[in-house]
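Structural characterization, general
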Amino acid sequence: MEKSVLIQGGLIVTCDEKGTIIPDGFIRIEGEKIVEIGSGTPVEPSEQIIDASGCVMIPGLITAHTHLYGILLRGANLNIEPPIDFAQILQRVWWPVDEALTLKDAKASALSASADMLRNGSTFFADTYSGPNSIEGSLDAIAGATRKVGIRAMLAFEMTERNEAGEANRGLKENIQFAKKCEKDPLISAMMSVHASFTVSDELVKKAVAAARNLNMPITVHTSEGLVDLYHNLEEYGERTVERLDRIGLLGPRTVLAHCVHVDEHELDLIAASGSSVAHNPMSNMLNAVGTAPVPKMLEKGIPVGLGNDGWIYDPFENMRCALTVHRLATGNPSIIGAEEILRMATLEGATCYGLEHEIGSIEPGKLADIVLLDTTRVPTPLTPESVVGHLVNTFGGRDVKSVFVHGEKVVDDSRLTKISDEEVSKISSESAKRLWSRLK
């Protein structure tokens, strides 16, 4: 018989379709699933009772796009000529890093970034790895690390032909073998990933789409993040980026387009009509000075938009605040987007991007028990059912995450990892970063 756990006494923000909020709420878990939610005391007894008094309970936050290996560059002094546009950032920073990565780096960064996200309240992420000299076995290495932490992950190798076509074909094989291997894994799933349309041919994209559909898994691609992508497609094909992706069959209900900064009205209509989703990365877009994605227009057109970090800041609360403010600044309209929309992007909409809205992204009976308990002791003003969503976007941060459950298991307790020590994670990550920095110099 599956163990029954009761979490009770907190304010539940379910993030369901109706935006249901339950004061003095309880969540009853059996095994890996939520079986009951409500207010007060449940009728059914439970083997374990967790007191959530003074806490806000939310669904595990969804990171719709990330690069785990990005954590190894934190604080690095690369001693390079400062880049002046996005293309130079790729050429001078990220592509040399990609080429220097080893399988040990893939594993160490996965361990460290997963831990960082989990401690900050993110229970699911979609990651693409890009290491041309460490392709074979990379996804197994990453999956092994994320299992040690206890987070839910969707993984892919990011195919590109920027060096040569054989590299992309090896990446395709890595994705296919990994997808078959993790079909029944409760925490790890697979997707297909293409780097960006300016580094791949039509033929490769068609191969990737066919493989993804054959294996019934999502496919993701960086889309018009910088102007280099748009200009390449206009010059080579006479089409804007999304127009080309539509022509070669990449758009569809299981397609997640990362960034979509430089897209026009017609491209948004193509995305909406195809049922594709967008992973929005506001903090990364600001860091790389590429512009602001037209997210308010996307939402108007009914495009599912999830919130990602693109491998930079792993605290989802910081990303939520940035998403709230950057669109107001970009449009000059302080009412263009609200806290409710932002929270939805970080929860149910993020799950929808990957076809997981019936499993995660909200607190509802029948869904997987991915739950975050937030300590409210630092909240400076009244915390009520009416104010809590505003507090989630404007007040709370990763530092307030008290406990995290994934698949019904407590993986963060009193702000510390339970399956592996925080100190071990930091030690492994720091040693890997030191070696990587040395190779880059």
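Now for a quick tour of the structure. (Residues numbered from 1 in each chain as written. Predicted model: local features only at pLDDT ≥ 70, side-chain atom pairs only at ≥ 80, totals over all residues. Heavy atoms only, no water.)

1. Thoughts on the pairing of strand β12 (residues 255–259)
For β12, the buried fraction is high: 5 of the 5 residues fall into the buried class. Pairing analysis gives 5 bridges linking strand β11 (residues 219–223) to β12, with the strands arranged parallel. Counterpart to valine 221 in the pairing with β12 is leucine 257. Summarising the sheet, β12 and strand β13 (residues 277–280) pair through 3 bridges and their orientation is parallel. Counterpart to valine 256 in the pairing with β13 is serine 277. Following the backbone out of β12, through helix α8 (residues 265–274) and into the adjacent parallel β13, one traces a crossover that is right-handed. (Buried < 20%, exposed > 50% of the residue type's maximum accessible area, 1.4 Å probe, protein only. Helix = DSSP H or I, 4+ residues; strand = E, 2+ residues; numbered from the N terminus. Pairing = 2+ DSSP bridges. Right-handed = clockwise from strand over helix to strand, strands pointing away.)

2. With respect to helix α6 (residues 227–237)
Within α6, burial applies to Asp229, Leu230 and Asn233. Down the axis of α6, the buried set is contained in an arc of 95°. They therefore lie on one face. Across α6 from its buried face, at more than 90 degrees, point the exposed residues Glu235 and Glu236. Buried-residue contacts for α6 involve β10 (192–196), β11 and α7 (241–247). Just downstream of α6, glycine 238 is the residue with a positive phi angle, here 70°. (Arc of directions from axis to C-beta. Contact = heavy atoms within 4.5 Å.)

3. Overview of the environment of proline 380
Inspection of the secondary structure puts proline 380 in the loop between β15 (371–375) and α14 (388–394). The class of proline 380 is exposed, set by a relative accessible area of 66%. For the pair proline 380 and threonine 395, spaced 15 residues apart in the sequence, the C-alpha separation amounts to 8.5 Å.

4. Some words on the pattern of salt bridges
Applying the stated criterion across every chain yields a total of 28 salt bridges. Glutamate 17 is the salt-bridge partner of arginine 344, the closest N and O atoms lying 3.0 Å from each other. In this pair, arginine 344 is assigned in helix α12 (residues 339–345) and glutamate 17 in the loop between β1 (4–13) and β2 (21–30), connecting sequence segments 327 residues apart. A relative accessible area of 28% means that arginine 344 is categorised as partly exposed. On the basis of relative accessibility, which here comes to 60%, the residue glutamate 17 falls in the exposed class. Between glutamate 431 and lysine 427 there is a salt bridge, with its nearest N and O atoms 2.9 Å apart. Of the two residues, glutamate 431 and lysine 427 are both situated in helix α15 (residues 422–440); the distance of 4 residues between them amounts to about one turn of the helix. On the basis of relative accessibility, which here comes to 52%, the residue lysine 427 falls in the exposed class. In this structure, a network of salt bridges that share partners links the residues Arg119, Arg416, Asp422 and Glu423. (Salt bridge = Lys/Arg side-chain N within 4 Å of Asp/Glu carboxyl O.)

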